[in-house]
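# Fold and contact review
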Number of protein chains: 2
Amino acid sequence: MQYSFSEILNLNDRFRRNLINSVSGFKSVCLIGTVNNSGTTNLAIFSQILHIGANPPMLGILFRPDSVERHTLENIRQNGYFTINQIQESFYQQAHQTSARYPSNISEFEAVGLTPEFIMDVDVPFVKESEVKILLKSVDEQVIKINGTILLIGEIQELIIPDTSISDDGFIDLQKAGTITSAGLDAYYKTEKINRLSYAKVDLPVTVIL
Amino acid sequence: MQYSFSEILNLNDRFRRNLINSVSGFKSVCLIGTVNNSGTTNLAIFSQILHIGANPPMLGILFRPDSVERHTLENIRQNGYFTINQIQESFYQQAHQTSARYPSNISEFEAVGLTPEFIMDVDVPFVKESEVKILLKSVDEQVIKINGTILLIGEIQELIIPDTSISDDGFIDLQKAGTITSAGLDAYYKTEKINRLSYAKVDLPVTVIL
């Protein structure tokens, strides 16, 4: 199939939304845990997590301007801290269900059946069921001018990963940790490692890292 | 394993780079095709592709401030157009090899053994071997203040996808198209679909989309 710009504009909304959301490739889907001023925990699924920098360690999250995700953004603005929890196949349906529009006095943890876990000094909830958990502190927020999307940047304060998933050189094998990936608005995939490849150099063939 | 902020800062550079690059989750890896003013084609692997919006259809690409990727950014600034080509397992090693620091008068297509293909009116190369190809026009560029990373935004001008990968509702099954995903700086994974899930609603259980 081939679609031109004008053909894409003429598609019905649902078709276009599915098409354009899936064509960007696989995504780093995760659950973001926050808490509001009244102490109600919030949990929401996000699929646009970016690597911003390693030193200091920073991740970015892209927030749509007009969505249910706003509870998460408001909570982060109030509290300053949030958690990113990777998703495993064992609870992907509960993770997806957090995207329903629960009112702000209902905790998605309770609504979908996941367990809030408070393991650091800060009062934001991790997802107990998750194997890879990150505590972040909000350090910047920037509006993407072209459509009002908001890029929130968090500094990593704490990383929790299974011992068995980490290599001698710091690489985390997300397949070993059971982390899944998503595509489009509603599709979830598990992964199978092909290989790690050596740092590419001109005039040297790529080799597999064992 | 558990790493605090200060422990992360004290890791050696390579370990920290691998750790923080892999903890953000699976990525939408692809090849970006461009051409410079002298007519030399360029091909480079990128792993930070974002969905910006569906109407009009826009994708974003994050460029590190100080990297080999700069040839791609310079070419897009000169020419205005570029292609995004998803990667299949059959040529992932060639795709990885494009990250070597070839001089600007050498085409990575020739250096790594991939085939430039000119299928639209514009003079930027697609990757003939790729199953999912996108032509984009640069429409905006924005500096991410916190570390000088550049977010380039492209409007989709043309989409080419295999007939067999597209559903009635516009969803593209990237597994059927053979698209792979990456993690960290050098790991490549194939995928296996778990399920698509229905639009989540409060008080309704999630169902599988068949």
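Overview of the structure. Keep in mind that this is a model prediction, so the values were computed, not measured.

### Structural notes on the environment of threonine 83 of chain A
All names here are of chain A. Secondary-structure assignment places threonine 83 in strand S6 (residues 81–86). Assessed through its relative accessible area of 0%, threonine 83 is described here as buried. Taking the C-alpha atoms as reference points, threonine 83 and leucine 31, 52 residues apart in sequence, are found 8.0 Å from one another. Excluding residues within four positions of it along the chain, threonine 83 makes contact with Leu31, Ile32, Gly33, Val124, Pro125, Phe126, Ile134 and Leu135. A polar contact of 2.9 Å, which involves the side chain of threonine 83, links it to the side chain of asparagine 85.

### Some remarks on unusual backbone geometry
All names here are of chain A. The omega torsion of the bond from asparagine 55 to proline 56 falls at 0 degrees, within 30 degrees of zero and hence cis. Following the sequence through the fold, proline 56 ends up in the loop between strand S4 (49–54) and strand S5 (57–63). At aspartate 203, a residue that is not glycine, the phi angle is positive and equals roughly 70 degrees.

### Comments concerning the interface of chain A and chain B
Facing the 107 residues of chain A at the interface are 107 residues of chain B. Both faces combined, the contact of chain A with chain B buries some 9200 Å², and carbon together with sulfur accounts for 61% of it. Among the residues chain A hides against chain B, the three largest losses belong to Phe26, His51 and Ile194 of chain A. Together they make up 8% of the total. For the interface between chain A and chain B, the tally reads 4 salt bridges. Put simply, aspartate 186 of chain B and arginine 196 of chain A hold a salt bridge, and the shortest N to O gap is 2.8 Å. Applying the counting criterion to the chain A and chain B interface returns 52 residue pairs in polar contact (both at pLDDT 80 or more).

### Let's talk about empty space enclosed by the protein
Counted under the stated rule, the structure contains 4 cavities of 30 Å³ or more. Approximately 150 Å³ is the volume attributed to the largest cavity. Considering the residues around the largest cavity, the lining is formed by 19 residues, among which Lys27, Ser28 and Ile49 of chain A together with Ser28 and Ile49 of chain B are closest to the centre. Among the elements of the structure, S4 of chain A together with strand S4 (49–54) of chain B are those that each provide at least two residues to the lining of the largest cavity. Per-element tally for the lining of the largest cavity: the top contributor is S4 of chain B, with 3 residues.

### Topic: helix H2 (residues 13–23) of chain A
All names here are of chain A. Within H2, 8 of the 11 residues are buried, which leaves the element mostly enclosed by the surrounding structure. Within H2, the full set of buried residues consists of Phe15, Arg16, Asn18, Leu19, Ile20, Asn21, Ser22 and Val23. Regarding H2, its N-cap is asparagine 12, as a side-chain oxygen of that residue lies 3.1 Å from the backbone nitrogen of arginine 14 further along. Positive phi shows up at glycine 25, right after H2, with a value of about 105 degrees.

### Some remarks on the packing of aromatic side chains
Residue and element names in this part refer to chain B. Considering all chains together, one arrives at 8 aromatic pairs over all chains under this definition. Each ring, one from tyrosine 3 and one from phenylalanine 15, has its centre 6.2 Å from the other, and the planes form 55 degrees; the classification is tilted. Here tyrosine 3, found in strand S1 (residues 2–4), pairs with phenylalanine 15, found in helix H2 (residues 13–23); they are 12 residues apart in sequence, far enough to count as distant. In this structure, tyrosine 3 and phenylalanine 15 share a single accessibility class: buried.

### Observations regarding the pairing of S5 of chain A
All names here are of chain A. Of all the 7 residues making up S5, 7 are buried; the element is thus mostly covered by neighbouring parts of the structure. Of the two faces of S5, the one holding Pro57, Leu59, Ile61 and Phe63 and the one holding Met58, Gly60 and Leu62 are both buried throughout. Bridge analysis of S4 against S5 gives 5 bridges, and the strand direction is antiparallel. Bridging from a neighbouring strand, glycine 53 pairs with methionine 58 of S5. Hairpin connection from S4 to S5: 2 residues lie between these consecutive antiparallel strands. Bridge count between S5 and strand S10 (residues 149–160): 6 bridges; the pairing is antiparallel. Residue pairing across strands places phenylalanine 63 opposite isoleucine 150, the latter belonging to S10.

Reading guide: rules and limits
- Residues numbered from 1 in each chain as written.
- Chains lettered and ligands numbered in written order.
- Predicted model: local features only at pLDDT ≥ 70, side-chain atom pairs only at ≥ 80, totals over all residues.
- Heavy atoms only, no water.
- Helix = DSSP H or I, 4+ residues; strand = E, 2+ residues; numbered from the N terminus.
- Buried < 20%, exposed > 50% of the residue type's maximum accessible area, 1.4 Å probe, protein only.
- Contact = heavy atoms within 4.5 Å.
- Polar contact = N/O pair within 3.5 Å; in protein donor to acceptor, adjacent residues only side chain to side chain.
- Buried area = accessible area lost by both parts, 1.4 Å probe.
- Salt bridge = Lys/Arg side-chain N within 4 Å of Asp/Glu carboxyl O.
- 1 Å grid on protein atoms, 1.4 Å probe; cavity = no way out; pocket = protein on both sides within 12 Å on 5 of 7 lines; lining within 4 Å.
- Points joined across faces, edges and corners; volume = space filled by probe spheres on them.
- Phe/Tyr/Trp six-rings, centres within 6.5 Å; stacked < 30°, edge-to-face > 60°.
- Pairing = 2+ DSSP bridges.

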